Every structure is written in structure tokens, then in C-alpha cells.
Amino acid sequence: MVQMAAPLLRLRGISKRFGAVQALTRVDLDIRAGEVVALVGDNGAGKSTLVKVIAGVGAADEGVIEWQGRAVHIKKPHQAQDLGIATVYQDLALCDNLDVVANVFLGREISKVGVLDEVEMERRTRTLLGTLSIRLPSLRAPVASLSGGQRQTVAIARSLLGDPSVVLLDEPTASLAVKQTIEVLDIIERLRERGLGVLLISHNMGDIKAVADQVTVLRLGRNNGVFDVRTTSQEQIISSITGTTEHAVSQRKSEAEEDELWQ
Amino acid sequence: MAVRGTSKNRRAPTGADGEKSTARRPRPADLAQGCRTFLEDVRNRLSAGELGAVPVVLGLVVIWIIFQALNGAFLSPRNLSNLSLDIVGTGLIAVGIVFVLLIAELDLSVGSVSGLAAAVFAVLSVRNGMPEWLALLIAVLTGAAIGAVHGFFVARVGVPSFVVTLAGLLAWNGLMLYVLGASGTVNLDDQGLVATLTSYYFSHAAAAYGLAAVGSIVFFLASYQEARRRKTAGVPSRPLREIAVRTALLAVIAFAAAAVLNQFQGLPLALLIFLLIIVCLDFALRRTPYGRQVFSLGGGIEAARRAGINVVWVRISVFMVSGTMAAIGGLFLASRITSASQTSGSGNLLLNAIAAAVIGGTSLYGGRGRTWSALLGILVIQSIASGMALLGIQAAVQFMITGGVLLAAVVLDSLTRRSQRARGRA
Ligand SMILES: Nc1ncnc2c1ncn2[C@@H]1O[C@H](COP(=O)(O)OP(=O)(O)O)[C@@H](O)[C@H]1O
Ligand SMILES: [Mg+2]
């Protein structure tokens, strides 16, 4: 059911609670190089919480994170960044008043003797956007004046600055129009071609079918199945999300259905 | 000066190759073209909702024309020279307010802090016989320390800045009264260092013209250098002719100001210091990593935090800048009247300082503004005050007009923000 390359990032038994809310319970997840893993689940299933655990924004209470086979502690955002994990948050985390270049380099500015090297930062931003075939009206306008899709591409470009090997995208297409969604999906495909591991959170089955290799389902903070996109029907994934069938049952059933299908 | 472009406002499509060759010397036709690109840039910015200094400059021109029409003495060298001194104290305080507004906070204590700094200086130097430079240093450090205290409560404890600094307004005013003691008023040595700050003029005409020349040349060279670096790096750059137009505009304003000042007593030391502080802090805000962090806090504190910026420290430091500028401004205000008294830092000072920053174009919503807005805003406020005084109109009317101007500025600020958001969501 799953390719056997060793995962870049492996989560085992991740649990996290917020006061009375048990947001995550013993969640497992693998992300491999050159593979897009879709993480799906109903609202409140714990997807964003899981992303924040990996990104070092909100550490887990329990569980192990392995990076390239080695157990690591990620307690701060920069620790995740240093490992090579980049994150695009659901709430974009861009500074509206800053321009594209400033946002891409925020927190990682290039400076010479204490003075910002705007020219170099702008040059590198253009190069970066160029490799992703992203076109923006202006690199020097505040991002507040960009469209939702353009802002999303800026956020993705920003996450790629440190040459990460894993990118986490939390609902990158949720608020986008069709054309903008396609642009973002194109970028995700380019990331996979470049050999990055991508975790894509999405509610849109069409998007998932289009770019994902694997689907991991979270339900009420627990794993509820891992599926291969090419061999699983949309209905199976949806029933796993909504919980109309139990996890083990759904997998057995899906395998049975596949058998029927291919016979 | 303040209309000069920022690097933010260049708009060329990403895909386009920089600008065409600009290595030629500007010819008259080029200059006309330069004016056009400059105006185009201004128009683009307006339609993008980035009004910058345009409205306040227009407002200032209108105010000056009206008062000059009503009283011919308004634009006289004497009146303008005095105006250039009157703006310094409050203007310096407003510079600190610009910093605080940039991170979307407020500092209501600056009036009290300025009064306290003046009192500390006066008591230490006059009553205790401390050398003036040392007393001045301690007074300024007092402002910085107070800012650190405010910043601590805002950034670490999480109390809204409005409340912390409101408490500061009362507490530091109380401390000032305590420091001054029973007698209340301390007269400064009118030959001393602090008194000199606002009484000294560089009376030789070369000083004011020299400053205008140096300012224009440095501006030109810096812009030219940057344009060349950009071209070499293959990113869009400002055409030479546009740089020429901008420099010319700056030079005209600077030399006109110098000519006016020289017709009275020359270049006031206080004005020179005010301009130097504005230029240095403008550079710090727009060209250093620290300044970028300050702006980022105003644009989204969560985004700044996730970018790994030490949000707590930046917020504390901004309140320290505000406290420091309040103290420095307070010393200039004391210098103007060569005394520190129980009324130091009271009255309209706080409101004028905040109004100046906002009228000058710094946004109340954070993340948008420049130190130059302190200069422009306080020029508007003091021009109204000075014009009203010349016309013999009572203060009541002056307050109402200044209030109206402030309201207009805030409305403009809100509309700008709205239109920017609307564009973004389109
Ligand atoms: N900071 C927080 N404090 C308290 N509860 C939270 C917090 N973040 C998330 N939760 C809760 O954890 C659960 C999972 O939320 P989330 O990860 O945002 O879900 P999803 O992204 O899958 O929609 C929800 O019940 C939510 O209310
Ligand atoms: Mg979510």
C-alpha cells in the first residue's frame, strides 16, 4: 500500500491537549522525499495542530518525531527550519504592510555592516519566484494589495527560502478561486519534482486527487486510515473522514473493493 | 523632503527587465520625462492607497497660503524662523510616537516623561551643581529607563499599552512634582548647554546653504549609487532622470528654507539637531534589520513571531525609543523657556505630539509611517498656532481647527487602509 523508501519525517504517537480538549491522540505520520501526502479530516480534527507540532509552534505533549531516522526535539520554529522543515500556515503569517521582498526575507534579512541589502534580497526573490514560475505585479507593493492567490504564492516562496526538504501547507487553496488554486497546485507539483516532501492539508478532494500521492485521514484527533490516492475512491476517503465506517473496517473494505475492481 | 520616494514604491512587473539605459546625461527632454515618471509614480501610489506625504504637504501649502493672505507677516523670515524653533521640542516627542504607532501601540506618557526629564536635568544641574552634560545624559537615560518599564509591562506582562502609559502619565507627572519640590520652578543657566540648544544660530549664511547643499548631494549620490547597484544586479531601478527630478525638488525646498533662515538669524542649532535625528532614525527604520522588525510588528505580530523575531525585545525597545525621544524633546522645550516648572510637559503637549505623528501620515493601525511625518505634522500644528497668534484669534478657535485637521488625517488613514484591503481582496 505504501512505497518503502525511508521517510524523511516520521511522527509516532503524537498526543496534544489544550486544557480539556484532546486535540491529538497517538497520531502517526510519514513524509517521504518526492511525495505529496494529503492530510484530511473534518474541521477540528487536529490537522492544524499537527502542523504546528511539526513546525515547532506548539510542541506535542507526547510522542516521537524522527528526522531522517533520528529522534529530534522541535520546540521552537527555528529548530524546525534548521532541520529543513518549512511551514505555510493556514492563517498566512505574512506582514500586510511589508512588500513581497521584505516578507520573503522576514527574520532572515541579508545585511551588510548592519544595513539591509535590499538589492540582493530583491534579486534572490526574483530568482526564487522565477524558479517557481510565479508572476506578481510588483515586488515592492505591500502584500496587503495582492490577491489571495498571490499572497499564498508569496507565503510558499517565503517558506522555500532556506532550501527545505519538507514543506507543510495548511489549507493553501481554501480561500482561492479556481484559477488561483490551479496555480498553487502547479507549484506543489514543482516542489515534488524537485524532490521535496510535501504535506498538504486540504478539504478539496479534487485538489487531493490532482496532486497527492497518499492520503492520511485524521478523525477526532486520531489516525483514521492511510490511503493510496491512485487506488482509493473518493467515497472511501470521505467515509473515513466522516467516520461512517470504522478505520480497520474501511481499510479492509477498500482492499476488498479494489480486488473486485481489478478482477 | 518627505516626498522623496521610498524603495517600496517602485512598481515594475517582476518579469520585466530593469529600466532602459540611463547612463546618458539628463537633457531637458529627459527632465520632462523624469517629471512624468515621477508624477506617474505619485499617481500609482495614490491609486494603491499609499498616500504617503502628499495630503499633508498639500494641507501645509493651503494653510500657509491662507494665513499669508490674512496676514503678510506670516511668511516673514522672522516668523518662519521662530516656527522652525517652535516645532523642535514637540516634534522630537512626535518622532518617538511614530515608533510606537508603527508597532500599533500608543504611548500616553510622553508629556509627563518630557516634563520629568526637564525637572531631573534642572534639579541636578542647577540645584545640585552637577555638570550640565552629565545631568543631560542622566535626564535622557531616565526617559529610556521609563520606556523600558512601560515596554516590560506591555510586552512581558501583556497589559495594553494604553493603560500602562496612562498610569505612566499620572505617575511620572507625580514624580516630576516630587523632584521639583516645594519651590516648583527651576530656572536654567541661560548661557548653559541646554539653554544654548534653542538659542544658538549658525549665523554665517554658509551654514544653512551648506546644509542644503550637503543634503541634496548626499541624497543624489545615495539614490544614484542604489540605482547603479540595482542595474548591475538586474532588478528594476529608478531612471537617472527621475533621480534628477527628485533631487531638484529636494534642493529647491532646502535652499528656499536656507534662504529664509539666513534672512533672519541663520540656521538654528535646534533645527539642525531635529533634522539629523529624523534622518538617522529614518535610516534606522527603513534600512536596518531592526527597523524591518519594528515594521513587521505593526503588520502582524503573529507573523513576526513565527519569523523568529524577538517580539518582546523589539516592543520593549520601541517604548525605550519613545521614552528617550520624550526626554530629549522635554529638554528642548525647557531650553526654549530656560526653566523647568510644575507645568512642564502638561497641557496640549501629549495630544499635539500624537496628532503631529498622525497628521504627518503615520497610521494609527500600525505598520505604516515615517519619522518625517513627525516634522510635517508638527509643522501643520504649529503653523496653525502661529497663524492664529498673528491674527490675534483666541486659542479656542485654534484648538477646534487643529482638532478638525486631526480628524481629517485619521479619516484619511482609515480610508487608505480600507482601500488597500479592498484591492487585496479583489
Ligand atoms: N490554541 C488552542 N487552544 C485551545 N484549543 C485549541 C487550540 N488550537 C486548536 N484547538 C482545538 O483543537 C482541536 C483541533 O483544532 P485544529 O487543529 O485547528 O483542527 P483542524 O485544523 O483540523 O480544523 C479543535 O477542537 C480546536 O478547538
Ligand atoms: Mg485548520
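None of the values given here were measured: they were computed from a predicted structure. Every residue gets a number counted from 1 within its own chain, in the order that chain's sequence is written. Starting at A for chains and at 1 for ligands, labels are handed out in the order in which the entities are written. Side-chain atom pairs in this predicted model are given and counted only at pLDDT of 80 or more, local residue features only at pLDDT of at least 70, and totals for whole chains, interfaces and linings cover all residues. The basis for every side-chain value is the complete set of heavy atoms in the structure, and neither hydrogens nor water enter the calculation.

(A) Broad picture of the overall build of chain B. In DSSP terms, a helix is any run of H or I states spanning at least four residues, a strand is any run of E spanning at least two, and both are numbered starting from the N terminus. On a plain count of helices and strands, chain B comes out with 16 helices and four strands. Residues are treated as being in contact if the distance between any of their heavy atoms lies within 4.5 Å. Here the contacts in chain B between residues at least 6 apart in sequence split such that 81% fall between residues at least 24 apart.

(B) Spatial organisation of the pattern of salt bridges. A carboxyl oxygen of Asp or Glu within 4 Å of a side-chain nitrogen of Lys or Arg is what we treat as a salt bridge. Summed over all chains, the structure comprises 28 salt bridges over all chains. Between A:Arg32 and A:Asp30 there is a salt bridge, with its nearest N and O atoms 3.9 Å apart. Residue exposure (1.4 Å probe, protein chains only): buried if accessible area is under 20% of the type maximum, exposed if over 50%, otherwise partly exposed. Residue classification places A:Arg32 among the buried positions, given a relative accessible area of 6%. By relative accessible area, which is 17% here, A:Asp30 ends up buried. Ionic pairing is found between A:Arg124 and A:Glu120, a salt bridge with its closest N-O pair at 2.9 Å. Highlighted residues: A:Arg124 and A:Glu120, both in helix H4 (residues 118–131), separated by four residues, approximately one helical turn. Look at the salt bridges and you will find they share partners, linking A:Asp99, A:Glu118, A:Glu122, A:Arg140, B:Glu226, B:Arg230, B:Arg287 and B:Arg292 into a network.

(C) View of the confidence of the model for chain A. Each residue carries a pLDDT score, the predictor's own confidence in it, on a scale running from 0 to 100. Across chain A, the average pLDDT comes to 87, with 90% of residues at 70 or higher. Scored below 50 in pLDDT, residues 252–263 of chain A shows five contacts in the model against residues more than four places distant or in partner chains.

(D) The arrangement of the side chain of B:Ser317 in detail. If you trace the backbone, B:Ser317 turns up in helix H13 (residues 311–337). A polar side-chain atom of B:Ser317 sits 2.7 Å from the main-chain carbonyl oxygen of B:Val314. We define a polar contact as two N or O atoms separated by no more than 3.5 Å, with the added condition that, inside protein, one atom must be a possible hydrogen donor and the other a possible acceptor, whereas residues neighbouring each other in sequence contribute only through side-chain atom pairs.

(E) Up close: the nonpolar core. In this text, buried Ala, Val, Leu, Ile, Met, Phe, Trp, Tyr and Cys residues form a nonpolar core when linked through side-chain atoms within 4.5 Å. By size, the foremost hydrophobic cluster in this structure holds 111 residues, and its most contacted members are B:Leu92, B:Val95, B:Phe274, B:Met325 and B:Leu375. Top contributing element to this core by residue count: helix H3 (residues 77–102) of chain B, with 15 residues. Judged by nonpolar contacts, the second largest core, of 46 residues, contains A:Leu160, A:Ile188, A:Val198 and A:Met205.

(F) Structural view of the site of ligand 1. All names here are of chain A. Neighbouring residues are identified by heavy atoms, a residue being near a molecule or strand if any of them is within 4 Å of it. Taken together, Phe18, Val21, Ala23, Asp42, Asn43, Gly44, Ala45, Gly46, Lys47, Ser48 and Thr49 make up the full set of residues adjacent to ligand 1. Lys47 places a main-chain nitrogen or oxygen 2.8 Å from an oxygen atom of ligand 1. Thr49 is positioned such that a nitrogen or oxygen atom in its side chain is 2.5 Å from an oxygen atom of ligand 1. Protein coverage of the free-state accessible area of ligand 1, which is 560 Å², stands at 58%. Broken down by element, the shell around ligand 1 gets its largest block of residues, three residues, from helix H1 (residues 47–55). By residue class, the composition of the shell around ligand 1 is four nonpolar, five polar and two charged. Calculation of accessible area relied on Shrake-Rupley with a 1.4 Å probe; when residues are assessed, cover is drawn exclusively from the protein chains displayed. Asp, Glu, Lys and Arg are counted as charged, while Ala, Val, Leu, Ile, Met, Phe, Trp, Tyr, Cys and Pro are counted as nonpolar; the rest, among them Gly, fall into the polar class.

(G) Inspection of the interface of chain B and chain A at higher detail. The interface is formed by 40 residues belonging to chain B together with 44 residues belonging to chain A. When two parts are put together, the accessible area they lose, computed with a 1.4 Å probe and summed over both, is reported as buried area. Taken over both partners, the interface formed by chain B and chain A buries close to 3400 Å², and the fraction arising from carbon and sulfur atoms is 53%. With a closest N to O distance of 2.6 Å, B:Arg292 and A:Glu118 form a salt bridge. Those elements that place two or more of their residues in the side of chain B that touches chain A are helix H8 (205–233), helix H10 (269–287), helix H11 (289–299), helix H12 (301–306) and helix H16 (395–425) of chain B. A per-element tally of the side of chain B that touches chain A places H11(B) first, with six residues.

(H) View of the sheet that holds strand E1 (residues 9–18) of chain A. Residue and element names in this part refer to chain A. Pairing between strands is defined by DSSP: at least two bridges between the two strands are required. Spatially, the four strands line up as an open sheet ordered E2-E1-E4-E5, and their pairing is antiparallel. Where the open sheet ends on each side, the last strands, each with one partner, are strand E2 (21–31) and strand E5 (70–72). Across the sheet, the mean angle from the axis of one strand to that of its neighbour is 30 degrees, orientation sign disregarded. Summarising the sheet, E1 and E2 pair through seven bridges and their orientation is antiparallel. Along E2, the bridge assignment pairs Lys16 with Leu24. Angles shown run from 0 to 180 degrees and are taken between the N-to-C directions of axes, each axis being a line fitted to C-alpha atoms and, for helices, limited to the stretch in contact. Its contacts with the sheet put H1 on E1, E2 and strand E4 (62–67), and the angle it makes with E1 is roughly 115 degrees.

(I) Seen up close, the sheet that holds strand E10 (residues 197–201) of chain A. All names here are of chain A. Read from one edge of the open sheet, six strands run E6-E9-E10-E3-E11-E12, paired in mixed fashion. Each edge of the open sheet carries a strand with a single partner, namely strand E6 (85–88) and strand E12 (222–228). For this sheet, the mean inter-axis angle between neighbouring strands, taken without regard to orientation, is 20 degrees. Relative to strand E11 (residues 214–219), strand E3 (residues 36–40) runs parallel, the two being bridged by four bridges.

(J) Geometry of the environment of B:Ile316. Mapped onto the elements of the fold, B:Ile316 is located in helix H13. With residues near it in sequence (within four places) discarded, B:Ile316 still touches B:Gly147, B:Ala148, B:Gly151, B:Phe152 and B:Ala155.

(K) Structural context of the domain arrangement of chain A. All names here are of chain A. Entries for chain A in the domain assignment read domain 1 (1–84 + 164–263) and domain 2 (95–163). Note: domain ranges come from an automatic or database domain assignment. Placing a centre on the C-alpha atoms of domain 1 and another on those of domain 2 gives a separation of 27 Å. Counting from both sides, the interface comprises 15 residues of domain 1 and, opposite them, 15 residues of domain 2. In total, about 1200 Å² of surface goes out of reach between domain 1 and domain 2, with carbon and sulfur atoms giving 66% of it.

(L) View of unusual backbone geometry. All names here are of chain A. For Gln68, which is not glycine, the phi torsion reads 50 degrees and is therefore positive. Considering the arrangement of structural elements, one finds Gln68 in the loop between E4 and E5. Even without being glycine, Asp163 reaches a positive phi, approximately 55 degrees. The class for Asp163 is exposed, based on a relative accessible area of 62%.

(M) Expanded view of a nonpolar patch on the surface. Residues and elements named next belong to chain B. Any residue with relative accessible area above 30% and no salt bridge may belong to a patch, with like charges joined within 9 Å and the nonpolar Val, Leu, Ile, Met, Phe, Trp and Tyr side chains within 5 Å. Taken together, the side chains of Trp133, Leu137, Leu141 and Leu193 make up a nonpolar region of the molecular surface, amounting to roughly 430 Å² of accessible area. The element contributing the most residues to the nonpolar patch is helix H5 (residues 132–157), with three residues. Its location among the elements puts Leu193 in helix H7 (residues 193–199). Exposure remark for Leu193: the relative accessible area of 41% places this residue in the partly exposed category.

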